[in-house]
Amino acid sequence: MSNLVSAKEMLNKARDGKYAVGQFNINNLEWTKAILLTAEELRSPVILGVSEGAGKYMCGYKTVVGMVNGMMEELKITVPVALHLDHGSFEGAKACINAGFSSIMFDGSHYPIEENIAKTTALVNACDVLGISLEAEVGSIGGEEDGVVGMGECADPNECKQIADLGVTMLAAGIGNIHGKYPANWAGLSFETLAAVKEKVGDMPLVLHGGTGIPEDMIKKAISLGVAKINVNTECQLSFAAATRTYIEAGKDQQGKGFDPRKLLAPGFEAIKATVKEKMELFGSVGKAD
Ligand SMILES: [Zn+2]
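This report concerns the structure included in the present document. Within each chain, residues carry numbers counting from 1 in the order of the written sequence. Given that the model is predicted, a residue must reach a pLDDT of at least 70 before its local features are reported, and side-chain atom pairs must reach 80 or more before they are shown or counted; all residues, however, enter totals for whole chains, interfaces and linings.

Our next topic: the sheet that holds strand β9 (residues 206-208). Strands pair, by our definition, only if DSSP identifies at least two bridges between them. Think of it this way: any DSSP run of H or I at least four residues long counts as a helix, any run of E at least two long counts as a strand, and we number them from the N terminus. Taken in spatial order, the 8 strands line up as β1-β2-β3-β4-β5-β8-β9-β10 and close into a barrel, and their pairing is parallel. Within the sheet, the average angular offset between the axes of one strand and its neighbour, ignoring direction, is 25°. By definition, residues are in contact whenever their C-beta atoms, placed on the basis of the backbone, come within 7 Å of each other. Axes here mean lines fitted to C-alpha atoms, for a helix over just the part in contact, with angles spanning 0 to 180 degrees between N-to-C directions. This element, helix α1 (residues 8-17), spans β1 (21-25), β3 (81-88), β5 (133-138), β8 (170-173) and β10 (227-232) of the sheet and lies at about 115° to β10.

Given below as structure tokens:
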């Protein structure tokens, strides 16, 4: 049994309501549990992101689907949850469709636009039949993600329209955003590009990748200009690592049964919950599940 939903309805509602749904990437059981419980507590819709590397780490897409479906049932999660492939290859997208994901990102941004269009079209058809939402990307996002390095270019609004017109659910357009930590000399988001893309693609919900470290006022402005989905990955990793470090440096793993993984991983788990809560409040998705 699966209670996963496509991201389409939650993102259309977010676009109309001028807020954004967070995509939080998962790496293991603790990550998934922390994100699902926080979404449920805050009555927020949520998207669980899985990169191909994280999928491999978690022993394959079928394992991920089984874990998420089982957890949703056991934890009695009732808010809308989409399980989404992040930056998928064409082959990865097909594998996730078969494994039971409810949402797919095909990242064809590194192909010439003609090839991006051809591959995206094939996936639009496959996803339509199964009611799976599909995210496409134009203009690569800066930084490094699973070995894929982009320069943080700004998308061509005309190319965005070409891809949007294929019938994808949502569109990620590069607007100077970067994966991972932002460098000190970062120029900021290009709202000029975002407005030009929005003008061309009309109602299509837009996706902002690299949500870690973008100043709050820029996040809010991006939402006001049509961004309905914001991806957060690095920030949960940083807060998990910091909380775990504090626990170990305080020697707590050497006190009593502090070495028990259920105790050792608890501060990191709580730190992820706090980060997810902070982001859901910033994005405005709290209370929007109902
Ligand atoms: Zn991304």
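With C-beta atoms placed from the backbone, a residue is buried if 20 or more other C-beta atoms are within 10 Å of its own, exposed if 12 or fewer are, and partly exposed between those counts. Here strand β4 (residues 103-106) shows a buried face lined by Ser 103 and Met 105 and a second buried face lined by Ile 104 and Phe 106. When the strands point away from the viewer, a crossover counts as right-handed if the route from the first strand across the helix to the second turns clockwise. At this point the chain moves from β3, through helix α5 (residues 90-99), to the parallel β4, and the crossover so formed is right-handed. Where β4 lies against β5, 4 bridges are found, and the strand directions are parallel. Within the sheet, the bridge partner assigned to Phe 106 lies in β5 and is Ala 136. Taking the sense of rotation as the criterion, the β-α-β connection linking β4, helix α6 (residues 113-130) and β5 turns out right-handed.

Looking at the secondary structure, you find Leu 206 in strand β9. Since 26 C-beta atoms lie within 10 Å of it, Leu 206 is described here as buried. Separated by 19 residues in the primary sequence, Leu 206 and Leu 225 have C-alpha atoms spaced 9.0 Å apart. In this view, Leu 206 contacts Leu 171, Ala 173, Val 197, Lys 198, Gly 226, Val 227 and Ala 228; residues no more than four positions away in its chain are not counted.

The subject of this paragraph is the packing of helix α2 (residues 29-41) against helix α12 (residues 266-283). Where α2 meets α12, the axes come as close as 9 Å, and the angle between the chain directions of the two elements is 40°. Compared by their axis directions, α2 and α12 come out oblique. Where α2 crosses over α12, the handedness of that crossing is right-handed. For the pair α2 and α12, the contacting residues are Glu 30, Trp 31, Ala 34, Ile 35, Leu 37 and Thr 38 in the first and Gly 268, Phe 269, Ile 272, Lys 273, Val 276 and Lys 277 in the second. For the contact of α2 with α12, the residue count by class is 7 nonpolar, 2 polar and 3 charged. Roughly parallel here means an angle under 35 degrees, roughly antiparallel means over 145, roughly perpendicular means 65 to 115, and every remaining angle is called oblique. Definitions for this section: a left-handed crossing has its near helix turned counterclockwise from the far helix by less than a right angle. A right-handed crossing has that turn clockwise. Throughout, the ten residues Ala, Val, Leu, Ile, Met, Phe, Trp, Tyr, Cys and Pro are labelled nonpolar, Asp, Glu, Lys and Arg are labelled charged, and all others, Gly among them, are labelled polar.

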